[in-house]
Amino acid sequence: MKKLFYFTAIAALLLTACGPSKLQIQEMSLDCDVMIEVRYVEEDTIAYLVGNTLYLTSQQLAHDSLFPLLISPRNPMDIDAPARTDRIPSADVLTGYLSRAVPEMTRFGLVIGSSTGSDFDFNEKNVVQKISDYVKLHQGASLIIFHEKDGDLIDAKKAF
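Residues numbered from 1 in each chain as written. Predicted model: local features only at pLDDT ≥ 70, side-chain atom pairs only at ≥ 80, totals over all residues. Heavy atoms only, no water.

### Structural notes on the overall build of the protein
Of the regular secondary structure elements, the protein holds four helices and eight strands. Seen in sequence order, the protein has helices and strands lined up from the N terminus as α-α-β-β-β-β-β-α-β-α-β-β. Here the protein, with 160 residues, has 38% of them falling under the buried criterion. Here the analysis covers contacts within the protein between residues at least 6 apart in sequence; of these, 53% occur between residues at least 24 apart. Approximately 9900 Å² of the protein is accessible, and the part contributed by carbon and sulfur atoms is 57%. (Helix = DSSP H or I, 4+ residues; strand = E, 2+ residues; numbered from the N terminus. Buried < 20%, exposed > 50% of the residue type's maximum accessible area, 1.4 Å probe, protein only. Contact = heavy atoms within 4.5 Å. Areas by Shrake-Rupley, 256 points an atom, 1.4 Å probe, with all protein chains shown as cover.)

Dropping the structure here:
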């Protein structure tokens, strides 16, 4: 019985040590040129671009295609100020749109918010595939997938 306890304790420690620490996750997120955050927002279909972060709603990603996207650029100092909404019809236009805010786009982060669990149509695998397909259009780009809970990043995994 004692051996089983020690074996279980060691196995638990090894499994915990395999994933990145909270500090490493924070550093990985800060190293991203562009962050794409997906959250559930009831009956909202407009994305927000704030600095280098594109906030998408889970409903925008429920369709077969990522495009067209409706994006409203926001000033980080006054996010609630009214702003125009731009229609982004394709990946090329999205790249041009994002490159105005972030000229060098090689390190992408995708944050899956815990609120997406409230959207019954949300399929994480499909969302990751859509974002991966977009990121792969950028020569030499990398993608890290994060999960968020209560405003904190809780895990990270390098997709490519």
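This is not the end of the story, as more comes after the structure.
### A word on the side chain of serine 72
Looking at the element boundaries, serine 72 is found in strand S4 (residues 69-74). A polar side-chain atom of serine 72 sits 2.9 Å from a polar atom in the side chain of arginine 74. In terms of polar contacts, serine 72 uses its side chain to reach the backbone carbonyl oxygen of arginine 84, at 3.0 Å. Those residues in contact with serine 72 that lie beyond four places of it in its chain are Ile46, Ala47, Tyr48, Leu49, Ala83, Arg84, Thr85 and Tyr97. (Polar contact = N/O pair within 3.5 Å; in protein donor to acceptor, adjacent residues only side chain to side chain.)

### Here's the deal with the pattern of salt bridges
Once their charged atoms are close, side chains differing in charge can pair, the charge on each being opposite to the other. Here the structure, examined in full by the defined rule, presents five salt bridges. A salt bridge links arginine 107 to aspartate 31; the shortest N-O distance between them is 3.9 Å. Within this pair, whereas arginine 107 is found in strand S6 (residues 107-113), its partner aspartate 31 is found in the loop between helix H2 (22-30) and strand S1 (34-39), the two being separated by 76 residues in sequence. Judged by its relative accessible area of 35%, arginine 107 falls in the partly exposed class. (Salt bridge = Lys/Arg side-chain N within 4 Å of Asp/Glu carboxyl O.)

### A short note on empty space enclosed by the protein
Within this structure, the stated rule accounts for one cavity of 30 Å³ or more. Approximately 40 Å³ is the volume attributed to the largest cavity. Around the largest cavity, the lining residues are Ile36, Leu54, Leu56, Leu66, Leu69, Leu94, Leu98, Ile131 and Tyr134. Broken down by secondary-structure element, the contributors of at least two residues to the lining of the largest cavity are strand S3 (53-57), helix H3 (91-101) and helix H4 (124-135). Grouping the amino acids of the lining of the largest cavity by side-chain chemistry returns nine nonpolar, no polar and no charged. (1 Å grid on protein atoms, 1.4 Å probe; cavity = no way out; pocket = protein on both sides within 12 Å on 5 of 7 lines; lining within 4 Å. Points joined across faces, edges and corners; volume = space filled by probe spheres on them. Nonpolar A, V, L, I, M, F, W, Y, C, P; charged D, E, K, R; others polar.)

### Topic: the sheet that holds strand S2 (residues 47-50)
Pairing between sheet strands relies on hydrogen bonds along the backbone, with the strands arranged either parallel or antiparallel. Taking strand neighbours across the sheet as the criterion, the eight strands line up as S5-S4-S2-S3-S1-S6-S7-S8 in an open arrangement whose pairing is mixed. Two strands lie at the open edges of the sheet, namely strand S5 (86-88) and strand S8 (152-158), each paired on one side alone. Direction aside, the axes of adjacent strands within the sheet are offset by 25° on average. Pairing analysis gives seven bridges linking S6 to strand S7 (residues 142-149), with the strands arranged parallel. Considered in S7, the bridge of glycine 113 is made with glutamate 148. Strands S1, S7 and S8 of the sheet are contacted by H2, whose axis makes an angle of about 75° with S8. (Pairing = 2+ DSSP bridges. Axes fitted to C-alpha atoms, helices over the stretch in contact; angles between N-to-C directions.)

### A word on unusual backbone geometry
Residue proline 68 follows phenylalanine 67 across a cis peptide bond; omega there is 0°. Mapped onto the fold, proline 68 is located in the loop between S3 and S4. Of note in this structure, glutamate 43 is not a glycine but carries a positive phi near 55°. For glutamate 43, the position within the fold is in the loop between S1 and S2. In this structure glutamate 43 comes out as exposed when scored by relative accessible area, which is 70%. In the Ramachandran plot, aspartate 150 falls in the positive-phi region, its phi being about 55° despite a non-glycine side chain. The topology assignment puts aspartate 150 in the loop between S7 and S8. Using a relative accessible area of 68% as the deciding quantity, one classes aspartate 150 as exposed.

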